Amino acid sequence: MDTAPSALPDSTTSQDTRNRRKVATAAALASAVEWYDYFVFGIAAALVLGDLYFPAGSPSAGVLASFATFAVGFLARPLGGVIAGQLGDKRGRKPMLVLALTLMGVATTGIGLLPTYATIGIAAPVLLVVLRVMQGIAVGAQWGGAMLLATEYAPEGKRGVYGSVVQLGVPIGVVTANSVFLLAGALTSESAFASWGWRVPFLVGLLVLGLAWYIHTRVEETPAFREAERALSEKEKGEKNSPLRTVLRGHLGTVFLAGGSFAVNTATFYILITGVLDYTTRELDMERGAVLTVSLCVSLTQLVLIPAAAALSDRVGRIRIYGFGAAGIALWAVPMFLLIDTGSLLWLAVGTFVASCFLSIMYGPQAALFAELFTPEMRYTGASLGYQIAAVLGGGLAPFVMVLLLEATGTSMSVSGYIIGLAVIALASIKVLANRARSR
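Residues numbered from 1 in each chain as written. Predicted model: local features only at pLDDT ≥ 70, side-chain atom pairs only at ≥ 80, totals over all residues. Heavy atoms only, no water.

Draft legend 1. Molecular detail of the packing of aromatic side chains. One pass over the full model with this rule turns up nine aromatic pairs. A network of ring pairs unites the aromatic residues Phe-262, Tyr-363, Phe-370 and Tyr-387 as a single cluster. Across from the ring centre of Phe-41, 4.5 Å away, lies the NZ or CZ of Arg-132, which sits over that ring. A cation over an aromatic ring shows up here: Arg-288 above the ring of Phe-193, its NZ or CZ 4.5 Å from the ring centre. (Phe/Tyr/Trp six-rings, centres within 6.5 Å; stacked < 30°, edge-to-face > 60°. Lys NZ or Arg CZ within 6 Å of the ring centre and 35° of its normal.)

What follows is the structure, encoded as structure tokens:
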């Protein structure tokens, strides 16, 4: 599927090649550090935040409260997407990406320095929620900026591959977050980790501010935006040409179809990296470090699978690859939890690895697919809204819903049913998008 022309003609000059590589590298790093900052909260929510910031009630209640705070960040992501999309389509991709990185660095460092409930009482969970909302706004603003920096610089026929470098930020962020938590746990005792060791991964997030400065000073605006900016200036760019208004009036259906197609991916992903971590350590009595190591190793495989799927989509079409991944998630949902329930690290690795393969098959072409659904003057807004709607419907609620389903039913098959339901919605949305593409 290719519903919009490639943003930039292919060039053989070494200067253009170097510039494209520099921009792609900056976009990938921006995505990686942003997702690292975002994921450390999810791991901490599964391991320590319930006891430290929501101490009242049962262990399940504390986990539910921390996962609810985790979900708040997802609810804030569409707001970040709307704000950055509106400004990014009118003022440029780069400024919004720099702003998102800065906001994320400040919020993540703030969480690392935040006193616990035992120190400042009710103010602790309140401030934790505020900082998590800031994280949500930041990551909602970041994805569109990083994705468009990469795809709008892409040469002809390689938009999928260039878009995938931004998608690689997710497994890189997961690997880095898990690695830092493993290191913090290995270098501290259980009591020291609960007291201060868990804060170290958050304080490392301060490094994102250096990357924000680099992008601000060294990376140029995309050619596609400059072209759209010239076109808009001829129409007296202003409120009457609001990208958000244009999307809401003429392309809202496409936004919801994009979100519906991707919710199963985000839900399954966060079930794997946070919900399963809580489930295996709290319900199946598996060792925390071992489970984190499995998650880390599985995420490493995505570094190969994501660009491979994206490259294949450049040759055979986005929708075909994307739909295959969604179907695979649906078919694997039940076997995955049957393997996890054995309590064996080996079968946990097999179950989550196969699921991760199908997630990668979807995630690889997703950036290019969403970019191609919208024209340059509204692309930041439209693509960001579609992505963040999926994040709210899928990722933000998934760990919370998983705990509720397990508590209510006592069986992990209810979680498999939840994944299958989202996969059916995804396949239906993909079918409509495919039909629309053929009709055009």
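Further notes follow.
Draft legend 2. Seen up close, the pattern of salt bridges. Scanning the entire structure with this criterion turns up six salt bridges. In this structure, the salt-bridge partner of Arg-288 is Glu-190, at a minimum N-O distance of 3.7 Å. Here Glu-190 lies in helix 8 (residues 190-195) and Arg-288 lies in helix 14 (residues 288-316), a separation of 98 residues in the sequence. Since its relative accessible area comes to 22%, Arg-288 is described here as partly exposed. By relative accessible area, which is 57% here, Glu-190 ends up exposed. Three or more residues are tied together by salt bridges with common partners; here these are Arg-159, Asp-314, Arg-318 and Glu-372. (Salt bridge = Lys/Arg side-chain N within 4 Å of Asp/Glu carboxyl O. Helix = DSSP H or I, 4+ residues; strand = E, 2+ residues; numbered from the N terminus. Buried < 20%, exposed > 50% of the residue type's maximum accessible area, 1.4 Å probe, protein only.)

Draft legend 3. Layout of the packing of helix 13 (residues 252-283) against helix 14. The interhelical angle for the contact between helix 13 and helix 14, taken along N-to-C directions, is 165°, at an axis separation of 9 Å. Relative to helix 14, the element helix 13 lies roughly antiparallel. Like other packed secondary-structure pairs, helix 13 and helix 14 cross with a definite hand, here right-handed. In this structure, helix 13 uses Phe-269, Ile-273, Leu-277, Thr-280 and Thr-281 to contact helix 14, whose residues at the interface are Arg-288, Val-291, Leu-292, Ser-295 and Gln-302. Of the residues that constitute the contact of helix 13 with helix 14, the class distribution is five nonpolar, four polar and one charged. (Axes fitted to C-alpha atoms, helices over the stretch in contact; angles between N-to-C directions. Parallel < 35°, antiparallel > 145°, perpendicular 65-115°, else oblique. Left-handed = near helix turned anticlockwise from the far one by under 90°. Contact = heavy atoms within 4.5 Å. Nonpolar A, V, L, I, M, F, W, Y, C, P; charged D, E, K, R; others polar.)

Draft legend 4. Structural context of a nonpolar patch on the surface. Together, Tyr-117, Ile-122, Val-126 and Val-130 give the surface a local cluster of nonpolar side chains, amounting to about 370 Å² of exposed area. Within the fold, Val-126 resides in helix 5 (residues 123-151). (Patch = residues over 30% accessible without salt bridge, like charges linked within 9 Å, V, L, I, M, F, W, Y side chains within 5 Å. Areas by Shrake-Rupley, 256 points an atom, 1.4 Å probe, with all protein chains shown as cover.)

Draft legend 5. Looking closely at the packing of helix 13 against helix 18 (residues 398-409). Put simply, helix 13 and helix 18 touch, their axes get as near as 8 Å, and they point 45° apart. Taken together, the axes of helix 13 and helix 18 lie oblique to each other. In terms of crossing hand, the pair formed by helix 13 and helix 18 is right-handed. Of helix 18, the residues touching helix 13 (which contributes Ala-267, Tyr-270, Ile-271, Thr-274, Gly-275, Val-276, Asp-278, Tyr-279, Arg-282 and Glu-283) are Ala-398, Pro-399, Met-402, Val-403, Leu-406 and Glu-407. Here the residues of the contact of helix 13 with helix 18 are counted per class, giving 10 nonpolar, two polar and four charged.

Draft legend 6. Geometry of the nonpolar core. Phe-39, Tyr-53, Trp-143, Trp-198, Tyr-270, Ile-271 and Phe-370 are the most contacted members of the largest nonpolar core, which has 127 residues in total. For this core, the element with the highest residue contribution is helix 1 (residues 14-53), accounting for 18 residues. When neighbours within four sequence positions are excluded, Tyr-270 is seen to be in contact with Trp-35, Tyr-38, Phe-39, Phe-70, Phe-74, Arg-77, Gly-275, Gly-395 and Pro-399. (Core = buried A, V, L, I, M, F, W, Y, C linked by side-chain atoms within 4.5 Å.)

Draft legend 7. Spotlight on helix 15 (residues 318-340). The end-to-end C-alpha distance of helix 15, which contains 23 residues, comes to 31 Å, matching closely the 33 Å that a straight helix rising 1.5 Å per residue would cover. Helix geometry: helix 15 is bent most strongly at Trp-332, by close to 45°, with proline Pro-335 lying one to four residues after it. (Expected span 1.5 Å × (residues − 1). Bend = angle between axes of the 7 residues up to and from the residue.)

Draft legend 8. Local environment of the confidence of the model for the chain. The share of residues in the chain with pLDDT of 70 or more is 89%, and the mean pLDDT across the chain is 82. By mean pLDDT, helix 11 (residues 223-233) is the weakest element of the chain at 56, and helix 15 is the strongest at 95. Every residue in residues 1-12 scores below 50 in pLDDT, and together they form 40 contacts with partners more than four places removed in sequence or on other chains. (pLDDT = per-residue confidence, 0-100.)

Draft legend 9. Representation of unusual backbone geometry. At Asp-285, a position not held by glycine, the phi torsion is positive, near 60°. On the secondary structure map, Asp-285 appears in the loop between helix 13 and helix 14.

Draft legend 10. Examining the side chain of Ser-360 more closely. Position of Ser-360 relative to the elements: it lies in helix 16 (residues 345-372). The contact partners of Ser-360, leaving out residues within four places of it in the chain, are Gln-302, Leu-305, Ile-306 and Ala-309.

Draft legend 11. How the structure looks around the environment of Ala-146. Tracing the backbone shows Ala-146 in helix 5. Each C-alpha atom of the pair Ala-146 and Ser-31 lies 6.5 Å from the other, and the pair is 115 residues apart in sequence. Apart from residues lying up to four places away in sequence, Ala-146 is in contact with Ala-27, Leu-97 and Val-166.

Draft legend 12. Quick look at helix 14. Taking 1.5 Å as the rise per residue, helix 14 with 29 residues should run 42 Å; its terminal C-alpha atoms sit 41 Å apart, in good agreement. Remark: the principal bend of helix 14, roughly 30°, maps to Leu-303, with a proline, Pro-307, within the next four residues. In this structure Glu-287 caps helix 14, since a side-chain oxygen of it lies 3.0 Å from the backbone nitrogen of Gly-289. A positive phi of about 110° marks Gly-317, the residue just after helix 14. (Polar contact = N/O pair within 3.5 Å; in protein donor to acceptor, adjacent residues only side chain to side chain.)

Draft legend 13. Spotlight on the side chain of Arg-318. Considering the arrangement of structural elements, one finds Arg-318 in helix 15. Among the polar contacts listed, one links the side chain of Arg-318 to the side chain of Ser-313, at a separation of 2.9 Å. Among the polar contacts listed, one links the side chain of Arg-318 to the side chain of Asp-314, at a separation of 2.7 Å.

Draft legend 14. Region of interest: the environment of Gln-86. Within the secondary structure, Gln-86 is located in helix 2 (residues 59-91). Exposure remark for Gln-86: the relative accessible area of 15% places this residue in the buried category. Separated by 294 residues in the primary sequence, Gln-86 and Tyr-380 place their C-alpha atoms 7.5 Å from one another. Excluding its chain neighbours within four sequence positions, the residues that come into contact with Gln-86 are Gly-81, Ser-242, Pro-243, Leu-244 and Thr-381.

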